[in-house]
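Structural characterization, general
Letter by letter, the chains look like this.
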Amino acid sequence: MPDAKPNASAAASQLSTIRDFLRWALSEFRRARIVHGHGTTSATDEAAFLILETLKLPVDDINPWLDAKLLDHERDTVANIIRARIETRMPAPYLLRRAYIHGVPFYVDERVIVPRSYIGELMFSGIFGGDEAPLIEDVTHVTSVLDLCTGSGCLAILAAGIFPEAEIDAADLSAGALEVARINVAEHEVADRVNLRQGDLFEAVDGATYDLIICNPPYVAAGEVHAFPPEYGHEPVMAHIGGEDGLDLVRRILAEAADHLNPGGGLICEIGTGRERLVADYPHLDFLWLDTEESQGEVFWITREQLLEAEA
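The structure contained in this document is the topic of the report that follows. As the structure is a computational prediction, the values presented were derived from the model and not from experiment.

Below, the discussion takes up the overall build of the protein. Within the protein, the secondary structure is distributed over 13 helices and nine strands. Whereas a compact globule of 312 residues would reach a radius of gyration of roughly 20 Å, the protein reaches 21 Å, a difference of no more than 12%. By principal-axis analysis of the C-alpha atoms, the protein measures approximately 70 × 40 × 35 Å. Looking at the protein as a whole, 54% of its 312 residues qualify as buried. Accessible surface, the protein as shown: approximately 14,300 Å² in total, 48% of it carbon and sulfur. Both charge centroids of the protein, one from 24 positive and one from 52 negative side chains, sit 11 Å from each other.

Those residues of helix 11 (residues 248-256) that sit buried are Leu249, Val250, Ile253 and Leu254. Along the long axis of helix 11, the arc covered by the buried residues comes to 140 degrees, so they all point the same way. Against strand 3 (144-148), strand 6 (210-215), strand 7 (261-270), helix 12 (275-281), strand 9 (299-303) and helix 13 (304-311) lie the buried residues of helix 11.

A separate point is the sheet that holds strand 9. Read across the open sheet, the seven strands follow the order 5-4-3-6-7-9-8; overall the sheet is mixed. At either end of the open sheet lies a strand with only one pairing partner, and these are strand 5 (194-198) and strand 8 (288-289). As paired elements, strand 8 and strand 9 share two bridges and run antiparallel to each other. Each bridged residue has a counterpart across the sheet, and for Trp289 the counterpart in strand 9 is Phe300. Strands strand 4 (167-172) and strand 5 of the sheet are contacted by helix 8 (residues 175-187), whose axis makes an angle of about 170 degrees with strand 5.

Thresholds, definitions, all that
Residues numbered from 1 in each chain as written. Predicted model: local features only at pLDDT ≥ 70, side-chain atom pairs only at ≥ 80, totals over all residues. Heavy atoms only, no water. Helix = DSSP H or I, 4+ residues; strand = E, 2+ residues; numbered from the N terminus. Rg over C-alpha atoms; globule rule 2.2 N^0.38 Å. Buried < 20%, exposed > 50% of the residue type's maximum accessible area, 1.4 Å probe, protein only. Areas by Shrake-Rupley, 256 points an atom, 1.4 Å probe, with all protein chains shown as cover. Lys, Arg positive; Asp, Glu negative; His and termini not counted. Charge placed at Lys NZ, Arg CZ, Asp CG, Glu CD. Arc of directions from axis to C-beta. Contact = heavy atoms within 4.5 Å. Pairing = 2+ DSSP bridges. Axes fitted to C-alpha atoms, helices over the stretch in contact; angles between N-to-C directions.

Laid out in C-alpha cells, this is it:
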C-alpha cells in the first residue's frame, strides 16, 4: 500500500523550481506505485509531461526549464495536479485534457482511450510517401481513407495531413468517442475532409470502398481487461476488450476488409500481442509485419489482392 497522501500545500510552499517539483513528483509516484503507459513509459517522462503541460510549456524536453522558478499560483497548480494524479490514479492525459502523437496535440477525456497507437508512430516513419516507402509510394494517389474504430479521431486527422488529396471517413460505435473526435476535427480544422460516422465496424460506412483502411481496434483479451491496474480502468472498456483472446474484432475486420478496399488498396491494423494466434488462424494470409522503436509484430499490413487471393 502507498504511504500517506502527498501534501500538495506543503510542496507548493517549500519547492521552488521545476527541478524541485520533478524530484518531488518522482518520489511520490514511486511511493504510490503509479502505473505508466498512457503516452509515457516511465515515472520521469510522466512527471515531466504533467509539469510542462500544466505550465503550458513545450512538452518535448524539460531540461531547458529545470532551474526556472515558479510563481506562487504556478506552484499551487503543479502541486495539485501531481497530487490528483496519485490520488485518482487517472492517466495524466485525462487530467490535462491533452495527449500527443509525434508532437501533434489532441483533446482527450474519459469517453475515449488515450491515444498511443503504434500506427501513429508508423505514419511518421516513412511507410507512406517517397521512393523508399514500403506501402504507398505516391500519397496523392490515395483519395479515400477509412479510419475504423477512430476513437478520438487522431489517426484520421494525421491521415488528413499525410494524404493531401484524400477524403477521410472516421468511424466508431461509440457516440461519446465521436463527440471527442468532433472536438479534435474542429481544433485541427479538417472538418471539410474528415467525416465522422457512427456504427459497428463497416456498418458505419454502408458499402463504401477506400484506397486505405487504418484500424486500431479493441484487441485486449477479456481476462487481461478485468485485471487492469486502476489507470487503465479509467478508459472505456469497449475501447479495450476484444473477446476471449482479444482478436474477435480483428477477425471480423479481416473477413470484410476486401469488400471495402479499392483495387490496389490495403489495410493497416494494430493487434497488440496477438501475432502468434493470428498467424496460426490465418496461415494462408501473407501479413507484412511493421515494427516500431517500441513494438515488434503488433501492426500488420495486407492488401486487397492478398485478401481476395486467400479467399479463392
